[in-house]
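Descriptive analysis of the structure
So you can see what is in the structure, the chains are spelled out below.
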Amino acid sequence: MSGHSEHHGSYLERKGGMIATIWDWATTVDHKKIGVMYLFAILFMFFLGGMAAIAVRMELWEPVRQAADGSFTGQLFRPADAVSMSEGNNFYNRLFTLHGAIMVFMVIVPSIPASLGNFLLPLMLGAKDVAFPRLNLLSWYIYVFGSIFAVCSIILGGVDTGWTFYTPYSTTTDADHIKVVLMVLGAFILGFSSILTGLNFIVTVHKLRAPGMGWFDMPLFIWAIYSSAIIQVLATPVIGITLLLLVFERVFRIGIFDPALGGDPVLYQHFFWFYSHPVVYVMILPGMGVISDVLAVQSHKRIFGYRAIAFSSLGIAAVSFIVWGHHMFTSMSELASAVFSALTFLVAIPTAVKVFNWIATLYKGSITINTPMLYALIFLFLFSIGGLTGLPLGTLSTDLHLHDSYFVVAHFHYVMMGGTIIALMAGIHHWWPKMFGRMYNETGGMIGAIVVFIGFNITFLTQFLLGTQGMPRRYASYFDEYTSLHQLSTIGSWVLLAGFLIHLFVFLASFASGKKAPPNPWGGLTLEWVATSPPIEHNFEHEPLVKHGPYDFDTVVPPHWDPKDYPIPEAQAGGRPAVAHSPDRNA
Amino acid sequence: MSSIPSQNASKPLWARYTHASHFRTAAEEFDACKLGFWLFLTTEVLLFGGIFCAYFIFRTLYPGAWKEGSQLLDWRFGGLNTAVLLISSYTMAASIYCFQKGYTRRAQWNLIITLICGAAFLFIKLAYEYIPKWSVGKRPGALFDYPFAADPHLPLWWSVYYSGTAIHAAHVIIGMVLIARVLYRSYKGHYGPTHYTMVEITGLYWHLVDLIWIFLFPLLYLIH
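Since the structure is predicted, the reported quantities are computational estimates derived from the model, not experimental observations. (Residues numbered from 1 in each chain as written. Chains lettered and ligands numbered in written order. Predicted model: local features only at pLDDT ≥ 70, side-chain atom pairs only at ≥ 80, totals over all residues.)

What follows concerns the overall build of chain A. When its secondary structure is counted, chain A shows 19 helices and zero strands. Taking 25 Å as the expected radius of gyration for a compact globule of 587 residues, we find that chain A reaches 25 Å, a close match to that expectation. Along the three orthogonal principal directions, the C-alpha set of chain A runs to about 80 × 50 × 45 Å. The buried share of chain A, reckoned over its 587 residues, is 53%. Considering only contacts within chain A whose residues lie at least 6 apart along the sequence, 84% involve residues at least 24 apart. (Helix = DSSP H or I, 4+ residues; strand = E, 2+ residues; numbered from the N terminus. Rg over C-alpha atoms; globule rule 2.2 N^0.38 Å. Buried ≥ 20, exposed ≤ 12 C-beta atoms within 10 Å, placed from the backbone. Contact = placed C-beta atoms within 7 Å.)

Here it is, written out as C-alpha cells:
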C-alpha cells in the first residue's frame, strides 16, 4: 500500500509492456479503471443488442403473411410457406429475446451506475476509492462471467422466451433446455454483480464522504446513484430466487410454476415484476442524476430545488416497490387492479417534480450548447413523452386496448432508450475529458446527437401510431395496413445506427488526436473537477475539504478556472464577491 | 519494509494490522464492513422471502396438501436440528467474545464446536430426512412417486420443502467454509482484540443461517 501512495501519475499511465499493462488492468482495484472496463464491456454489449435490434427491424420490413389478393385470410399459400414461416417466426422470437435480454440485463441495468457511477462516485465524494475495492473488481468479473453464460446460450442458438422468461414459455419451449438454463443462470449471476455494486455504493456514500460534505452537499448524481443502489440491493435477491426456482422447474420439474402440477404461472410474473419493476427505476434514476448534474453545470446556474430533486429520487425508489401489479392487470381482481393503477399514478409525482425543477434550472441560466447539454435537452423531450405515455398504460380502461401492443414497446423505448441511453450519452460526453484526459470534437458530437434524436423519433413515434391502431408486439408478421409505418420505423433504426456510428468515430478520433483536456473544461464545482484530467491514481493530492455546495455557481469561482477555456457568468466575474476555490488545502 | 523496526516482528499479526489506505481509521473500516454486511444480510432475507411467499400462497390454495405434508415430517429430527443450530450460534457468538478478550485458544475451540454442529446438522438432514424420504418417493413435482398420497397437490408441498431446505443447506455449507477459513487464519494469528472484523462478519452470517432455520422449522414441521 505504502509503495503506491507515493505515485502521482495519471491512472491511465502504462506500467511497462503490453502484457504487464493488461495484467495491471485485469487485477486492478482502482475504481476508475474498473469503471472504464465496465464502460467498454457495456458499450460492446450495446453494440450486440443494437445489431439484434436492426435485425428485428429488418425482419419487419415486409408483412410476410398475406394471401394472393393481398388481403389477409389466415390461410397460407403453399405447404412450403408454412415451413418457412414457422422457421421465420422461430428466428424472430430468438432475435427479439436476444435484443431484450442483452439490452436490459447487460446494458441498461449496469450502464450508468457501473460505468460512470464507479468512475465518479469516489471522485465526487472526495474519496480515494469505493469502500470495498476488491469486491468492486469481483463485481466486474461476475458481470463478465454472467455475460459469457448469456453469450454461450446465444451461440448455441438463443432462447425464444422473451427477455422476461415468462412461464410456461421458459419451461416448455426448446426441448434441449440447456440454452434457457444458461440464459437464466446468466441473468441470475448478473444479479449478484448488481447487488454487490449497489452494496458497495451505499457503504461508500455513508462512510467515505470528504470532510465538510454533509448529505445535502452531495452532487445530485450521487443522490440518484444512492437511491438506485437501495433498489438494487432490495429487489435483486427476489429475481435471484425466482430465476433459481425457474431453473429447478426446468431441470427437475418441481411444479411451482406449472399448473399441471398445481403450480401457478402467474406467480412467476408476480415474482418477476416485484424485481423488474423496481429495476426499471434502477435503470432511469442514475440517468436522472446525470441530467441534474449536466444541466446545472452546463447552464452555470444553481440547480432549482436541490432537496426536492434529492428526495424525489428516494420517493421514486420507495414507490417503485408497490406498483409491480400493473404488469398483470388482466390476471387480477378488479379491486387489486384499481389499487395498482392508483399506486402507479403516484410515480408521476416525484418524476414530474424532477422535470419541472430541471426546466426551472434552465431559466435565466448561462447555457452552453454542447454535446452533453444537447443530450440533456433531448432527454427532457424524450423522457417527457415516455413518461406521459405511461399514464394511458396505467389507466385500466385504456390499458385494455393498448397493452401488449406497439404502444407499450414505444413507451418503454422512450423511457429506457430516450431516458437512460440518452443520459448515458450525455454523461459520457460530459465526463469524457475527465475520464480520458482528452477533448472530443464538439461539432462531431453535436451532429451525432442530432442524428440520434431524429433517428430515435422516426423509429419510435411511428410505433405509438402502430400501437394505437392495434399492432401487437412480438409478432413476426402483420397486416398490410401497417406496412408503411413499419417501414418508416425501420428506416429510423438505420438513422439511429448512423448516429451512433458518428459517435463511435468521434470517440476514436478523440483517442487518436483529441486535444488535451483541462482539469475543468465546463466550469463545474463538484470535487471531480478539482482532480486532474485524467485523475491521478489516488484521485487527489490531498484529501479535499468541502467548503461550498455542489451548485453554488453564483458565489464560487470554479476550481482551475482559466478565462481562456470558458467564460464564467457575469454575476461571478464582476459585482458579487467570489470565494476563491481552494479544495486542495489540507485541514 | 526492511526499514520497519524489528520490534514489530515480534507482535502477532492482528496487532500489526493496518487498515486499507482509503479509510481514515481502522474503526471506520470496521463500521463500513459491518454496514456492508448487514446490507448483504438484507438481500439474503429477501432471497428466502421468495420461498416463504411461495409457501404461504400454496398453503392458502391447498391447505389439505400442506396439512398432510407437514404430518409426513418428523418434528423430532427438525427439533434436534434446531437445537444443534442454536448451540452452534451460541458457540459462534462466544468465539467472537473470546477473540475480543484475547482468549484465542478458547475462541478456536468455540469455532471448532460450531463447525461440528454445522456438520451434524447436515448429517441429520441428509441421513434421517432427505435420503429416507426421497427413497420412498416423497419427491418434488414431477419426480413425486409416493403411493399413499391423499391430496393430489402433495408434490407441490415437497417442491417447497426441498427448495427451501436445500437452499438453506447450501447456506449452511457456505457458512461452514467461512468458519473454516476464519479458524485457519486464527491459527496464523490474524485475529485479536483490536482486529476481528472477519470473525464478526462470519458470525453475522452464521446467525442469519440459524435465523432462517428458526422460521423454516415451525412453518414446515410444527403448524398443520
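Having seen the structure, we can now continue with the description.
This next bit is on the overall build of chain B. Scanning chain B for helices and strands turns up seven helices and zero strands. Starting at the N terminus and ending at the C terminus, chain B contains elements arranged as α-α-α-α-α-α-α. In terms of overall dimensions, chain B has a C-alpha envelope of 75 × 30 × 25 Å along the principal axes. When burial is assessed residue by residue, chain B has 36% of its 224 residues classed as buried. Considering only contacts in chain B between residues 6 or more positions apart, those separated by 24 or more positions represent 76%.

Take the interface of chain B and chain A next. The interface is formed by 28 residues belonging to chain B together with 33 residues belonging to chain A. Elements that contribute at least two residues to the side of chain B that touches chain A include exactly α2 (26–61) and α6 (154–187) of chain B. Ranked by residues supplied to the side of chain B that touches chain A, first place goes to α2(B) with 16 residues. Taken together, the residues of the side of chain B that touches chain A break down into 15 nonpolar, 11 polar and two charged. (Nonpolar A, V, L, I, M, F, W, Y, C, P; charged D, E, K, R; others polar.)

Attention now goes to the nonpolar core. All names here are of chain A. Formed by 216 residues in total, the largest nonpolar core has its most connected members in Ile202, Ile222, Ile291, Phe379 and Ala426. Here this core takes 22 residues from helix α4 (residues 79–125), the largest share from any one element. Beyond its immediate sequence surroundings of up to four residues, Ile222 is in contact with Leu121, Met124, Leu125 and Val205. (Core = buried A, V, L, I, M, F, W, Y, C linked by C-beta atoms within 7 Å.)

The next point concerns the environment of A:Ile303. All names here are of chain A. Checked against the element boundaries, Ile303 lands in the loop between α9 (265–298) and α10 (306–319). For Ile303, a count of 25 C-beta atoms within 10 Å gives the class buried. A sequence separation of 149 residues divides Ile303 from Ile154, and the C-alpha atoms of the two residues are 45 Å apart.

Turning our attention to the environment of A:Ala476. Here A:Ala476 is to be found in the loop between α17 (442–468) and α18 (483–513). Considered as a pair, A:Ala476 and A:His411 are 65 residues apart in the sequence and their alpha carbons are 20 Å apart.

Between its first and last C-alpha atoms helix α13 (residues 371–388) of chain A spans 26 Å; for 18 residues at 1.5 Å apiece the expected length is 26 Å, and the two agree. Across the 18 residues of α13(A), 13 count as buried, placing the element largely inside the fold. (Expected span 1.5 Å × (residues − 1).)

Another aspect to go through is the confidence of the model for chain A. Residues and elements named next belong to chain A. This prediction gives chain A a mean pLDDT of 88; 90% of its residues lie at or above 70. For the stretch residues 1–6, pLDDT sits under 50, and the model shows four contacts to residues farther than four places along the chain or on other chains. Long-range and interchain partners of residues 571–580, a stretch whose pLDDT sits below 50, account for 15 contacts in this model, where long-range means more than four residues apart. (pLDDT = per-residue confidence, 0-100.)

Looking now at unusual backbone geometry. All names here are of chain A. Going from Thr167 to Pro168, the amide bond is cis rather than trans, its omega being 0°. Turning to its location among the elements, Pro168 is positioned in the loop between α5 (133–155) and α6 (169–172). The linkage connecting Ser533 with the following residue, Pro534, adopts the cis geometry, with an omega of -10°. Relative to the helices and strands, Pro534 is located in the loop between α18 and α19 (570–573). Non-glycine residue Arg253 carries a positive phi angle of around 50°. On the secondary structure map, Arg253 appears in the loop between α8 (220–252) and α9. You can call Arg253 buried: it has 20 C-beta atoms within 10 Å. Despite not being glycine, Arg474 shows a phi value in the positive range, around 65°. For Arg474, the location among the structural elements is in the loop between α17 and α18. Using a count of 13 C-beta atoms within 10 Å as the deciding quantity, one classes Arg474 as partly exposed.

Turning to the packing of helix α16 (residues 406–436) of chain A against α17(A), a few remarks are in order. Think of two packed helices as two axes; the pair is described by the angle between the axes and how far apart they sit. Residue and element names in this part refer to chain A. The geometry of α16 relative to α17 is characterised by a closest axis approach of 8 Å and an angle of 170° between their N-to-C directions. When the interaxial angle is binned, α16 and α17 end up roughly antiparallel. Crossing geometry of α16 relative to α17 is assigned as left-handed. Here α16 contributes Tyr406, Phe407, Val408, Val409, Ala410, His413, Tyr414, Met417, Gly418 and His429 to the contact with α17, which in turn contributes Gly445, Phe456, Phe460, Gln463, Phe464, Leu466, Gly467 and Thr468. Along the lines of polarity and charge, the residues of the contact of α16 with α17 split into 11 nonpolar, seven polar and no charged. (Axes fitted to C-alpha atoms, helices over the stretch in contact; angles between N-to-C directions. Parallel < 35°, antiparallel > 145°, perpendicular 65-115°, else oblique. Left-handed = near helix turned anticlockwise from the far one by under 90°.)

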